[in-house]
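# Structural overview for review
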Amino acid sequence: MALTPYEAPAAEKAEVFEPPPPVVVTPCDPWPRPYYLEDGLRRVQPYHFTYNTWCKQRWRGREILEIFADEFRDRPIEYYKDAIEQGAVLLNSKPIPSIHQVVKNGDLVSHTLHRHEPPVTAQPIGIVHEDDDIIVINKPAGLPVHPSGRYNYNSIVEVMKAERGHGFKPLPCNRLDRLTSGVMFLAKHRKAADSLTEQIMARTVKKEYVARVKGEFPEGEIACEQPILQISPKLGLNRVRANGKEARTVFKRLAYYPPKPRKDVDDPQRADSPNADGYSIVRCRPLTGRTHQLRVHLQFLGHPISNDPIYANQRVWGQELGKGDAEADNDDDIMTRLSKMGKDEVAEAVAYHDEMVDDYNKRKAEKLTGEVCQICQTPLYSDPGEHELGIYLHARKYADAGGKWSYETPLPDWALPPPEFTGPSEPGLESDPLAIDISKLGLEDPANIETA
């Protein structure tokens, strides 16, 4: 019997999709990495690089130039306009016919540029512990964990790869903000990474941070249970809000250092100066893991981290620095002021801290110099000031709740007694937040995955 060919109805025919666009390849991947050390900073020689980014939800239906001007603010809009018109920016691996081209869901945006990475501290990555499975490091402040934003080779992963060989691929198991220093876990293989990550997620790891905060922090065990809501992902802003996610932190003061006595009426360390109330060293135990939890809770308590560029910025928050503020009526004003803290003014995005105000204003900070790169005509920034390379927040200790392991670092230099004072140079049991029976404070100990 002859076979009759069968043709599927139109509704049954497979839908044919356009293949995804090819990904633009980075023009070069220099090895060894183009590092050099100078003036206490780790620098990277400028190099060509291609960013490939799939269309984000907030980009859909917007023009390409508008997206670049709004999302990538480290270069002027004129640069992005020229880059689009000259073919340095591609859409789905093809030249873009107009700066008004609308970006759709599924589009691939590629941008090839002469990359200028910001310098970071030249402080080496300290090794707290190492075995066949993991490396426990003391992360320097100001160094991001993964390549992101303006940072690529100046990141923990890339610096360690440069030190140990191109084939070395550390797997970070916990997260610290770029500005935060302290204990971090890097797995040497996937099995070790999964095992440690499971421990952290299973609520069996206790953490202690140390912070240097504004003013005289209260003595005793201070608990903050204010919920936290993300107000602006782009600005990295989080605030205490009743409709936020639950967040719990226990604090205990290690030391308080009052301000120096006034010398005369013209002393900049007057009653309204940023250091008028001195500063405290506070030990922090996060019981939950919200983004910026310690920074937000300390601000709410009226003792923000002294040099926090977001939460201790008087030009953004005013004299009270957001103390006890849990209302949403000023969110727009806060975000507007924070977004204006650009680098065309000296140290505008940097918080006040314990240095004298006049001296602070004179110190250098990262800002536009008025010069441009001779290769790509990119406006150049000056070096960041020391106060921009990190904040006074340090992950001092991670410990298994069952006592199987514990890793800790000494106190950072900024937490030690200043020359004119005596005080604790190492933490003791009497101020240890991990030794607190939190059940007596009416608190539970939920998962603590991500912290500072």
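Residues numbered from 1 in each chain as written. Predicted model: local features only at pLDDT ≥ 70, side-chain atom pairs only at ≥ 80, totals over all residues. Heavy atoms only, no water.

With an unreviewed UniProt entry as reference, the chain is termed Pseudouridine synthase, source organism Neodothiora populina. Its UniProt record gives the chain the following Catalytic activity (unreviewed entry) comment, quoted word for word: "a uridine in RNA = a pseudouridine in RNA". According to the UniProt record, the Sequence similarities (unreviewed entry) comment for the chain reads "Belongs to the pseudouridine synthase RluA family." (UniProt positions renumbered as here; feature names shortened; annotations may be inferred.)

### So, a negative patch on the surface
The grouping of Glu327, Asp329, Asp332 and Asp333 at the surface amounts to a negative patch. Counting through the fold element by element, aspartate 332 comes out in helix H7 (residues 331–339). (Patch = residues over 30% accessible without salt bridge, like charges linked within 9 Å, V, L, I, M, F, W, Y side chains within 5 Å. Areas by Shrake-Rupley, 256 points an atom, 1.4 Å probe, with all protein chains shown as cover. Salt bridge = Lys/Arg side-chain N within 4 Å of Asp/Glu carboxyl O. Lys, Arg positive; Asp, Glu negative; His and termini not counted. Charge placed at Lys NZ, Arg CZ, Asp CG, Glu CD. Helix = DSSP H or I, 4+ residues; strand = E, 2+ residues; numbered from the N terminus.)

### Looking at the sheet that holds strand E5 (residues 89–91)
The sheet built from four strands is open, its strands ordered E3-E8-E5-E6 with antiparallel pairing. Edge positions in the sheet fall to strand E3 (47–54) and strand E6 (94–95), since each has one partner strand and no second. Of the strands in this sheet, E5 and strand E8 (108–115) touch helix H2 (residues 77–85), which is tilted by about 115 degrees from E8. (Pairing = 2+ DSSP bridges. Contact = heavy atoms within 4.5 Å. Axes fitted to C-alpha atoms, helices over the stretch in contact; angles between N-to-C directions.)

### Brief notes about the sheet that holds strand E2 (residues 41–44)
Strand order in the open sheet made by the three strands is E1-E2-E9, with antiparallel pairing throughout. Every other strand in the sheet has two partners, leaving strand E1 (35–38) and strand E9 (120–121) as the edge strands with one partner each. Relative to E2, E1 is paired through four bridges, and the arrangement is antiparallel. Across the sheet, leucine 37 pairs through a bridge with arginine 42, a residue of E2.

### Things to note about empty space enclosed by the protein
Applying the stated criterion across every chain, the model contains three cavities of 30 Å³ or more. Roughly 50 Å³ of internal volume is contained in the second largest cavity. Around the second largest cavity, the lining residues are Arg239, Val240, Val296, Gln299, Phe300, Trp317, Gly322 and Asp325. Top element by residues in the lining of the second largest cavity is helix H5 (residues 293–300). It accounts for three residues. (1 Å grid on protein atoms, 1.4 Å probe; cavity = no way out; pocket = protein on both sides within 12 Å on 5 of 7 lines; lining within 4 Å. Points joined across faces, edges and corners; volume = space filled by probe spheres on them.)

### Some points on the pairing of strand E17 (residues 237–240)
A two-sided burial pattern is seen for E17, the buried positions comprising Leu237 and Arg239 on one face and Asn238 and Val240 on the other. Bridge count for strand E16 (residues 228–232) against E17 is four bridges, and the pairing is antiparallel. Bridged to glutamine 230 within E17 is asparagine 238. Following E16, the chain reverses through four residues before pairing antiparallel with E17; glycine 236 in that reversal takes a positive phi of roughly 65 degrees. (Buried < 20%, exposed > 50% of the residue type's maximum accessible area, 1.4 Å probe, protein only.)

### A short note on the packing of aromatic side chains
Per the stated rule, a full pass over the model turns up 16 aromatic pairs. With a centroid separation of 5.8 Å and an interplanar angle of 70 degrees, the aromatic rings of phenylalanine 185 and tyrosine 407 are classed as edge-to-face. Of the two residues, phenylalanine 185 is situated in strand E13 (residues 181–187) and tyrosine 407 in strand E23 (residues 406–408); the sequence distance between them amounts to 222 residues. Exposure class is identical for phenylalanine 185 and tyrosine 407. Each is buried. An aromatic cluster is present here, built from Trp59, Phe68, Phe72, Tyr79 and Tyr80 joined pairwise through their rings. Its guanidinium or amino end placed over the ring of tyrosine 35, arginine 42 lies 4.9 Å from that ring's centre, counting from NZ or CZ. Taking NZ or CZ as reference, arginine 212 lies 3.8 Å from the ring centre of tyrosine 279, over its face. (Phe/Tyr/Trp six-rings, centres within 6.5 Å; stacked < 30°, edge-to-face > 60°. Lys NZ or Arg CZ within 6 Å of the ring centre and 35° of its normal.)

### Things to note about the environment of lysine 245
Within the secondary structure layout, lysine 245 lies in the loop between E17 and strand E18 (249–257). Separated by 15 residues in the primary sequence, lysine 245 and glutamine 230 place their C-alpha atoms 9.1 Å from one another.

### Concerning the pattern of salt bridges
Using the criterion set out here, one finds 30 salt bridges in the structure. Arginine 248 is the salt-bridge partner of glutamate 225, the closest N and O atoms lying 3.5 Å from each other. Here arginine 248 lies in the loop between E17 and E18 and glutamate 225 lies in the loop between strand E15 (221–224) and E16, a separation of 23 residues in the sequence. Exposure remark for glutamate 225: the relative accessible area of 45% places this residue in the partly exposed category. You can call arginine 248 buried: its relative accessible area is 17%. The partner of lysine 397 in a salt bridge is glutamate 408, and the shortest N-O contact between them spans 3.8 Å. One end of the pair, lysine 397, is in strand E22 (residues 393–400); the other, glutamate 408, is in strand E23, and 11 residues separate them in sequence. According to the relative accessible area criterion, lysine 397 is buried, its value standing at 15%. Residue class for glutamate 408 comes out partly exposed when judged on its relative accessible area of 39%. When salt bridges that share partners are traced, they join Glu208, Arg283, Arg396, Lys397, Glu408 and Asp432 into one network.

### Side note on H2
Turning to H2, its buried residues number three or more, namely Tyr79, Tyr80, Ala83 and Ile84. The buried residues of H2 occupy one face: seen down the axis, they fall within an arc of 130 degrees. The inward-facing, buried residues of H2 abut helix H1 (64–71), E5 and E8. Downstream of H2 by one or two residues, glycine 87 has phi in the positive range, about 90 degrees. (Arc of directions from axis to C-beta.)

### Topic: the nonpolar core
If you look at the biggest cluster of nonpolar residues, it comprises 73 residues, and the most contacted ones within it are Ile137, Met160, Phe185, Tyr209, Leu237 and Tyr398. Look past the residues within four positions of leucine 237 in its chain and what remains in contact with it is Leu229, Gln230, Ile231, Ser232, Ile310, Tyr311, Trp317, Ile334, Met335 and Leu338. Ile67, Ala83, Ile96 and Leu113 belong to the second largest nonpolar core, which has 17 residues in total. (Core = buried A, V, L, I, M, F, W, Y, C linked by side-chain atoms within 4.5 Å.)

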